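Structure assessment
So you can see what is in the structure, the chains are spelled out below.
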Amino acid sequence: MAQNDINKIKDHAELFHQSEYQELFAEKKQFEGGHSPEEVERVAEWTKGWEYREKNFNREALTVNPAKACQPLGAILAASGFEGTLPFVHGSQGCVAYFRSHFTRHFKEPFSTVSSSMTEDAAVFGGQNNMIEGLANSYKLYQPKMIAVSTTCMAEVIGDDLQAFITNAKHADAVPHDFPVPYAHTPSFVGSHITGYDEMLKNILTTLNPTKPTGSWRNGKINIIPGFETYVGNLREVKRIAKAMDVEINLLADNSDVLDSPNTGTYQMYPGGTPLADAADTIHGEATIALQAYSTVRTRKMITGWGQPNQVVRPIGIRGTDEFLMKLSALSGKPIPAELEAERGRAVDALTDSQAWLHGKRVALYGDPDLVIGLVQFLLEVGAEPVHIVVSNSNDDFETELRALLDSSPAGSGATIWGGKDLWHMRSLLFTEPVDLLIGNSYGKYLWRDTKTPLVRIGYPIFDRHHLHRYSTYGYQGAINLLNWIVNALLDELDRNTIVPAKTDISYDLIR
Amino acid sequence: MTTTEPRPVAPVDVKTLIEEVLEPYPEKAKKKRAKHLNVYDHAKADCGVKSNVKSVPGSMTTRGCAYAGSKGVVWGPIKDMVHISHGPVGCGYYSWSGRRNYYIGTTGIDSYGTMQFTSDFQERDVVFGGDKKLTKLIEEVEELFPLNRGQSIQSECPIGLIGDDIEAVARKTAKEIGKTIVPVRCEGFRGVSQSLGHHIANDTIRDWVFPNSEKVAEEQNHQVGPYDVAIIGDYNIGGDAWSSRILLEEIGLRVVAQWSGDGTLNEMFLTPKVKLNLVHCYRSMNYIARHMEETYQIPWMEYNFFGPTQIAESLRTIAARFDATIQANAEAVIAKYEAQIKAVLDKFRPRLEGKTVALMVGGLRPRHVVPAFTDLGMQLIATGYEFGHNDDYKRTTHYIENGTLIYDDVSASEFEHFVKKLNPDLVASGIKEKYVFQKMALPFRQMHSWDYSGPYHGYDGFAIFARDMDLALNSPTWSLIPTPWGKDKALAAAAH
């Protein structure tokens, strides 16, 4: 019997290695109609070569393993960062089940979102009744302070008019007349999750800041927009830095407490978020700093329209963080404190300590545009060489910016930006032009398995490792975290490659 | 808080509790939801709840959609076919590798289970239609993944709304390529939950796979045996179908096909030749079992491989459909595992005895796993289905006790309120619910994904099930939640 030791119960990781199950697998093959092992091996080898790579890159219609999600996912992440806010997705209900599962698996936290549950009849007659009923029910059941509406592709294809529906819902007393119901059209066949984030944030801010700024009065705060941020540690790090500098910031939208709430034995549906009053004061901020560019394009355009200065600074690595601190200092007139300068010194010291192991290491990476730029900034600082850069949700401005960054360093000049490509393209790249390290989300583990390229998990989603999202990648602390993950992945790999006794273990060194 | 003793449960009048839970709803929604909540009365033939109707908008239902039922459940696990998420990128992305339908195969070469294939619709595809793109895509799959045995087209919402003719594309490309191409109209807005997606997917197997069955069986010179069976409705989550199959083979049956966990297209082709269809998840695959009964005169029966009591009963019932040899084998197998089961019960039952459970899952589990809990001495106090039908609630009556709370398509607010008041020792539900209840300091196990553990089916699976319930209930972290300086019990304890 396979389960033969009550003190060591075997689950799937061991159970199926037992001979009973190995025999079962072998027997099952007679019915499967599979290919011969030789044929499988032949094709597997073929997929590793240049001929296959060429075919693979000639694809026009097929996408395989893309590194991007759709707009409403970003929209509800933006909404989740505001106090008492219930994300509401208008359209088919299955989408919401998927979004909630996805965020929950990454953050290991509850994620509340409602759907207007449209079905066939709504496809024919439009979703107004679903919207009105949905608003009335969710308002009563979940007592939010704001309901942020985004859409699924179903509602977009049939052309539902959100503005009219919400106005009518208010006339029907589904929610009070003065209750904020910002809405964003977020069709999944346009852009990606980062576009959805931008749309929703812009519309929340527009709804909460309906008027032009009055006169020259400013509230003394600096608005900070994180963008599609999935590291709660980053939000906390930004707040910590601002506090250390004694700079008052208005973080929009701050979901760090929502997506990392303490276990007190009591469930709270709305455990934090940017206060609506603060969000409504965005318009009176001194200036806005966006920590991502391509998930905040339209929001920044709106802010420019307010006449408020704004710009993008990515506080990743040493120089990125330097720029962020200097920007905060310039805007606030506050000096950069010794405490942060010492942190900088420690981070630089750490980078110096590890640099020899990173120098000239060839790296492949993929992810959202801003994440990729931040990582490239960091890799160039430590002398690593980005080689393959895949960005499924790319755009021209991003590629121009990234190219300029790469060309600013000899370590970057050999990199190719593969905009609009996917992880099956990446597979071909890794086989034909191998690298030392791959950086990406959990889906990178399939590339690790196939190509044996060691994987450092940075990005979204991270499903198969715990708690990485609690760390920061921002600030000098974040630089140490990135360094830690990257250099130790390389050292682990070195150990793995030198672990065979009497064969490779001459280099299995104790001191590195 | 300690879990060594069953939680103190204040006597709750469940009828009153249901009224309380309904209280915050607006009138119209309250009326609708009232029909989905009840207390089981053993004098009745079902659970006294309405089911399989539209969810209440804005209620925070846990339900998914028809696409999830077809791509995610029925079709997705068929490992040697490429399943195309046809439409925008999201649906395929969110369902990519989400269900742990284990399989043996070289991914990307002869198996495709943990990959995502999509037509990644852009605005122009919605405006001009996606049929041309789909045709090209199917050809590209064929070129880059030549060992695939076929492809399925899993429609996302826009497909049905823009009037694409995926059936025409399927017919044309199937002819050109010479392989099975299955168009599935599982757009997410169809029906009220993933349930219709199961049905639609079942129908496409009937219409697009079975017509070639006879031909394939002949070509392969498939020899029919007297003990041929198929496992229907086991998705091999964490290897469930394997820890079931091993028992069926041990009693002398020949398992020709697994639907659909670790299954292949060929196994589907061969199924109309089996002698008996063994249905585990009735909800998602009863349709194809009924079809095979009508068309090929293959009888089908439901079985339950959760917990030793039901496993033994199921093995005996299955064996009764065959001859004395199989029946004797079944007795021998039940006897063979007795020692293993005794060891599991001896170890874990004392740790779990008397603990109460609230369940809420999909498919078959709101009833099927109850006996596994009972075997461990645990008691079910509430259960319900995400997307069950009335026939599920009828079947449920065989598994539950008088007075059990029943909730159909329970909303987040209802579930939270029920659990707060009933204070079960364990909540067993899905990923969206998990952390809500863990924040309430309640032990929780995911009953869709087995919380990344499993298998839970069969005798080997039961040992893991028992281990996992114990580790959830008796985790030392629960006792860390109250601060030692809190004003309640902890302080008093420290004073002693």
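Above this text you will find the structure in question.
Residues numbered from 1 in each chain as written. Chains lettered and ligands numbered in written order. Predicted model: local features only at pLDDT ≥ 70, side-chain atom pairs only at ≥ 80, totals over all residues. Heavy atoms only, no water.

Concerning the overall build of chain A
- Looking only at helices and strands, chain A features 21 helices and 13 strands.
- The C-alpha atoms of chain A give a radius of gyration of 25 Å, which matches the 24 Å a tight globule of 512 residues would have.
- Here the C-alpha coordinates of chain A stretch approximately 75 × 60 × 55 Å along the principal axes.
- Burial analysis of chain A (512 residues in total) assigns 61% to the buried set.
- Partitioning the intrachain contacts of chain A with sequence separation of at least 6 by distance along the chain shows that 72% fall at a separation of at least 24.
- Looking at chain A as shown, the accessible area adds up to about 19,400 Å², and 51% of this sits on carbon and sulfur atoms.
- Considering chain A, the positive charge centre built from 47 side chains and the negative charge centre built from 62 side chains are found 1 Å apart. (Helix = DSSP H or I, 4+ residues; strand = E, 2+ residues; numbered from the N terminus. Rg over C-alpha atoms; globule rule 2.2 N^0.38 Å. Buried < 20%, exposed > 50% of the residue type's maximum accessible area, 1.4 Å probe, protein only. Contact = heavy atoms within 4.5 Å. Areas by Shrake-Rupley, 256 points an atom, 1.4 Å probe, with all protein chains shown as cover. Lys, Arg positive; Asp, Glu negative; His and termini not counted. Charge placed at Lys NZ, Arg CZ, Asp CG, Glu CD.)

Overview of the overall build of chain B
- Looking only at helices and strands, chain B features 23 helices and 14 strands.
- Expected size for 496 residues packed as a compact globule is a radius of gyration near 23 Å; at 24 Å, chain B falls within 12% of this value.
- With the principal axes as the frame, chain B shows a C-alpha extent of 80 × 60 × 45 Å.
- Residues classed as buried in chain B amount to 66% of the 496 residues present.
- Considering only intrachain contacts with a sequence separation of at least 6, the fraction spanning at least 24 residues in chain B is 72%.
- Of the accessible surface of chain B, which amounts to about 16,600 Å², a share of 54% is contributed by carbon and sulfur atoms.

A closer look at the sheet that holds strand β10 (residues 356-359) of chain B
Residues and elements named next belong to chain B.
- In space, the six strands of this open sheet follow the order β1-β12-β11-β10-β13-β14, with mixed pairing throughout. Of all strands in the sheet, those bounded by a partner on one side alone are β1 (37-39) and β14 (444-446). The average undirected angle you get between the axes of adjacent strands in this sheet is 25°.
- Pairing between β1 and strand β12 (residues 405-407): three bridges, direction antiparallel. Across the sheet, residue Asn38 finds its bridge partner in β12, namely Ile406. (Pairing = 2+ DSSP bridges. Axes fitted to C-alpha atoms, helices over the stretch in contact; angles between N-to-C directions.)

Description of the interface of chain A and chain B
- In this assembly, 105 residues from chain A lie in contact with 118 residues from chain B.
- A combined buried area of about 9,400 Å² lies between chain A and chain B, and 63% of that area is made up of carbon and sulfur atoms.
- Sorting the residues of chain A by area buried against chain B places A:Phe31, A:Tyr98 and A:Phe189 first, and these three jointly supply 8% of that buried surface.
- Taken together, chain A and chain B are joined by eleven salt bridges.
- For B:Lys136, the salt bridge identified is with A:Glu60, shortest N-O distance 3.9 Å.
- Our count for the chain A to chain B interface comes out at 46 residue pairs in polar contact (both at pLDDT 80 or more).
- Pairing of strand β1 (residues 63-64) of chain A with strand β3 (residues 117-118) of chain B involves two bridges; the strand directions are antiparallel. When the sheet's bridge partners are listed, A:Val64 is paired in β3(B) with B:Phe117. (Buried area = accessible area lost by both parts, 1.4 Å probe. Salt bridge = Lys/Arg side-chain N within 4 Å of Asp/Glu carboxyl O. Polar contact = N/O pair within 3.5 Å; in protein donor to acceptor, adjacent residues only side chain to side chain.)

Overview of the side chain of B:Ser95
- Among the structural elements, B:Ser95 can be located in the loop between α4 (89-94) and β3.
- With relative accessibility at 14%, the residue B:Ser95 sits in the buried group.
- Polar contacts involving the side chain of B:Ser95 include one to the side chain of B:Lys71, which spans 3.1 Å.
- Within the structure, B:Ser95 has its side chain in polar contact with the backbone oxygen of B:Cys91 (distance 2.7 Å).
- Not counting residues up to four positions away in its chain, the partners in contact with B:Ser95 are A:Tyr98, B:Tyr67 and B:Lys71.

Structural notes on the packing of helix α3 (residues 66-75) of chain B against helix α9 (residues 194-208) of chain B
All names here are of chain B.
- The contact between α3 and α9 brings their axes to 6 Å, and the two run at 55°. Taken together, the axes of α3 and α9 are oblique relative to one another. As for how α3 packs across α9, the hand of that crossing is right-handed. Contacts from Ala66, Ala68, Gly69, Ser70, Val73, Val74 and Trp75 in α3 reach Gln194, Gly197, His198, Ala201, Asn202, Thr204 and Ile205 in α9.
- Looking at side-chain class alone, the contact of α3 with α9 contains seven nonpolar, seven polar and no charged residues. (Parallel < 35°, antiparallel > 145°, perpendicular 65-115°, else oblique. Left-handed = near helix turned anticlockwise from the far one by under 90°. Nonpolar A, V, L, I, M, F, W, Y, C, P; charged D, E, K, R; others polar.)

Quick look at helix α8 (residues 128-142) of chain A
All names here are of chain A.
- In this model α8 runs 21 Å from its N-terminal to its C-terminal C-alpha over 15 residues, within 8% of the 21 Å that 1.5 Å per residue would give.
- The complete set of buried residues in α8 reads Asn130, Met131, Ile132, Glu133, Gly134, Leu135, Ala136, Asn137, Ser138, Leu141 and Tyr142.
- One or two steps after α8, the chain reaches Gln143, where phi turns positive at roughly 40°. (Expected span 1.5 Å × (residues − 1).)

Details of helix α14 (residues 308-319) of chain B
- With twelve residues, α14(B) extends 16 Å between its outermost C-alpha atoms, agreeing within 8% with the 16 Å of an ideal straight helix rising 1.5 Å per residue.
- Residues of α14(B) that are buried: B:Pro308, B:Gln310, B:Ile311, B:Ala312, B:Ser314, B:Leu315, B:Ile318 and B:Ala319.

Regarding the sheet that holds strand β12 (residues 437-440) of chain A
Residue and element names in this part refer to chain A.
- Taken in spatial order, the five strands make up an open sheet running β11-β10-β9-β12-β13, and their pairing is parallel. Each edge of the sheet is formed by a strand with only one pairing partner; in this case those strands are β11 (416-419) and β13 (455-457). When the angles between neighbouring strand axes are averaged without regard to direction, this sheet yields 15°.
- Pairing analysis gives five bridges linking strand β9 (residues 362-366) to strand β10 (residues 385-391), with the strands arranged parallel. The residue of β10 that forms the bridge with Ala364 is His388.
- Each of β9, β12 and β13 is contacted by helix α20 (residues 444-451), which is oriented at about 170° to β13, the strand it contacts most.
- Here helix α21 (residues 475-496) sits on the sheet and contacts β12 and β13; the angle it forms with β12, its principal contact strand, is near 145°.

A closer look at unusual backbone geometry
- Here A:Leu252 and A:Ala253 are connected by a cis peptide whose omega angle stands at -5°.
- Topologically, A:Ala253 is positioned in the loop between β6 (249-251) and α13 (276-279).
- Of the consecutive residues B:Trp259 and B:Ser260, the connecting peptide bond is found in the cis state with omega at -10°.
- Mapped onto the elements, B:Ser260 comes out in strand β7 (residues 254-260).
- Look at B:Asn236: it is not a glycine, yet its phi comes out positive at around 60°.
- Here B:Asn236 shows up in the loop between β6 (228-234) and α11 (240-250).
- Backbone geometry at B:Asp262 places phi at a positive 60°, although glycine is not the residue there.
- Examined against the element boundaries, B:Asp262 turns out to sit in the loop between β7 and α12 (265-270).

Concerning the pattern of salt bridges
- Evaluated as defined, the whole model comprises 71 salt bridges over all chains.
- Salt bridges here are not isolated pairs; linked through shared partners, they connect A:Lys28, A:Glu32, B:Lys79, B:Asp262 and B:Glu267.

Concerning the pairing of β9(A)
All names here are of chain A.
- Most of β9 sits inside the fold, with four of its five residues counted as buried.
- Once the chain exits β9 it traverses helix α17 (residues 369-381) before rejoining the sheet at β10, and the crossover so formed is right-handed.
- Here β9 pairs with β12 via three bridges, running parallel. Counted as the bridge partner of Ala364 is Leu438 from β12. (Right-handed = clockwise from strand over helix to strand, strands pointing away.)

Some points on the pairing of β6(B)
All names here are of chain B.
- Among the seven residues that make up β6, seven are buried, leaving the element largely enclosed by the rest of the structure.
- Note: β6 against β7, six bridges, orientation parallel. Within β7, the position partnered with Ile231 by the bridge is Gln258.
- One crossover worth recording links β6 to the parallel β7 by way of α11, and it is right-handed.

Any functional reading would require information that these geometric values do not contain.
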